[in-house]
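What follows is the residue order along each chain.
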Amino acid sequence: MLPRLLILFLLASLVELALLFGLADVFSWRFSLFLVVATAALGGWLAWTQGWRAWLRIRDDLTAGRMPAAALFDAALILVAGVLLVIPGVLTDLVGILLLIPACRRWIRQRLSAWVRSHFTIYTLPPNGQHGPPGRTTIIDSYIVDSDDRKES
């Protein structure tokens, strides 16, 4: 797995360099530099504003007693978009901007959710905690220790 990631990062860096040199040949090196800096600044601002909106959705869902799964997933994708936009390059900026578009983010979230559901099995415990996955019995015993009950040593 590690060699594949290393090859992927190396190839992505080479593609980014080729794209930047290509832009510099077509336009100028100043335009290429301006494009990289402008997309980083604009992308950082967009990631901050959309991240704030995602935070407000998470807070509202939790206040209403709902699980904020979609909002949490959006927040994670916005974080990835922000990181990609800060990395200098044309391809990373393009992917980062696509992740900041709500319709694209929704499409990616649906695809990743389907992939997770097809590759993982998630079991939930009922409120009493007495039942686990089919064919198994899971008993969860828990207790709360008050800080006054602990012995100091």
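For clarity, every value in this text was computed on a predicted model and none was experimentally measured. (Residues numbered from 1 in each chain as written. Predicted model: local features only at pLDDT ≥ 70, side-chain atom pairs only at ≥ 80, totals over all residues. Heavy atoms only, no water.)

A.B. asks: Can you walk me through the layout of surface pockets in this structure?
C.D. replies: Over the atoms, a rolling probe the size of a water molecule traces out where space has been left empty. By volume, the largest pocket is sized at about 160 Å³. What lines the largest pocket is Leu 5, Leu 8, Phe 9, Ala 12, Ser 13, Glu 16, Ile 87 and Thr 92. By residue number, the principal contributor to the lining of the largest pocket is helix H1 (residues 2-26), which donates six residues. Residue classes in the lining of the largest pocket are distributed as five nonpolar, two polar and one charged. (1 Å grid on protein atoms, 1.4 Å probe; cavity = no way out; pocket = protein on both sides within 12 Å on 5 of 7 lines; lining within 4 Å. Points joined across faces, edges and corners; volume = space filled by probe spheres on them. Helix = DSSP H or I, 4+ residues; strand = E, 2+ residues; numbered from the N terminus. Nonpolar A, V, L, I, M, F, W, Y, C, P; charged D, E, K, R; others polar.)

A.B. asks: Where do I start with the pattern of salt bridges in this structure?
C.D. replies: Once the charged atoms of two side chains with opposite charge are near each other, the side chains can pair. The final tally for this structure, using the stated rule, is five salt bridges. Residues Asp 74 and Arg 57 are paired through a salt bridge, measuring 2.8 Å at the closest nitrogen-oxygen approach. Of the two residues, Asp 74 is situated in helix H3 (residues 69-86) and Arg 57 in helix H2 (residues 29-63); the sequence distance between them amounts to 17 residues. A relative accessible area of 5% places Asp 74 in the buried class. A salt bridge links Arg 59 to Asp 60, with the shortest nitrogen-to-oxygen separation between them at 4.0 Å. Take Arg 59: its relative accessible area is 43%, and that puts it in the partly exposed class. For Asp 60, a relative accessible area of 42% gives the class partly exposed. One salt-bridge network, held together by shared partners, links Arg 57, Asp 74, Arg 105 and Arg 109. (Salt bridge = Lys/Arg side-chain N within 4 Å of Asp/Glu carboxyl O. Buried < 20%, exposed > 50% of the residue type's maximum accessible area, 1.4 Å probe, protein only.)

A.B. asks: Can you help me understand the packing of H1 against helix H4 (residues 90-100) in this one?
C.D. replies: Each packed pair of helices is defined by two parameters, the angle between the axes and the distance between the axes. Two elements in contact, H1 and H4, have axes separated by 7 Å at closest approach and are oriented at 100°. Here H4 runs roughly perpendicular to H1, going by the angle between their axes. For the pair H1 and H4, contact is made by Val 15, Glu 16, Leu 19, Leu 20 and Leu 23 and by Val 90, Leu 91 and Thr 92, respectively. Along the lines of polarity and charge, the residues of the contact of H1 with H4 split into six nonpolar, one polar and one charged. (Axes fitted to C-alpha atoms, helices over the stretch in contact; angles between N-to-C directions. Parallel < 35°, antiparallel > 145°, perpendicular 65-115°, else oblique. Contact = heavy atoms within 4.5 Å.)

A.B. asks: Teacher, can you tell me more about the side chain of Ser 32 here?
C.D. replies: Checked against the element boundaries, Ser 32 lands in helix H2. According to the relative accessible area criterion, Ser 32 is buried, its value standing at 6%.

A.B. asks: When you look at the nonpolar core in this model, what are you seeing that I'm missing?
C.D. replies: Within soluble globular proteins, side chains that are nonpolar tend to cluster in buried spots. Of all hydrophobic cores here, the largest spans nine residues; its members are Ala 47, Ala 54, Leu 77, Ile 78, Ala 81, Leu 84, Leu 85, Leu 99 and Leu 100. Top contributing element to this core by residue count: H3, with five residues. Excluding anything up to four places from it in sequence, Ala 54 contacts Ala 71, Ala 75 and Ile 78. (Core = buried A, V, L, I, M, F, W, Y, C linked by side-chain atoms within 4.5 Å.)

A.B. asks: Explanation requested: the packing of aromatic side chains in the structure shown.
C.D. replies: Given two aromatic rings, their pairing is described by the distance between the two centres and the angle made by the two planes. In this structure the tally under the stated criterion is two aromatic pairs. On the basis of an interplanar angle of 50° and a centroid distance of 4.7 Å, the ring pair of Phe 27 and Phe 31 is categorised as tilted. Here Phe 27 falls in the exposed class, since its relative accessible area comes to 51%. For the ring pair Trp 48 and Trp 52, a centre distance of 6.5 Å and an interplane angle of 10° mean the geometry is stacked. Taken together, the positions of Trp 48 and Trp 52, both in helix H2 and four residues apart, correspond to about one turn of that helix. Of the residues examined, Trp 48 reaches a relative accessible area of 60% and is grouped as exposed. You can call Trp 52 partly exposed: its relative accessible area is 47%. (Phe/Tyr/Trp six-rings, centres within 6.5 Å; stacked < 30°, edge-to-face > 60°.)

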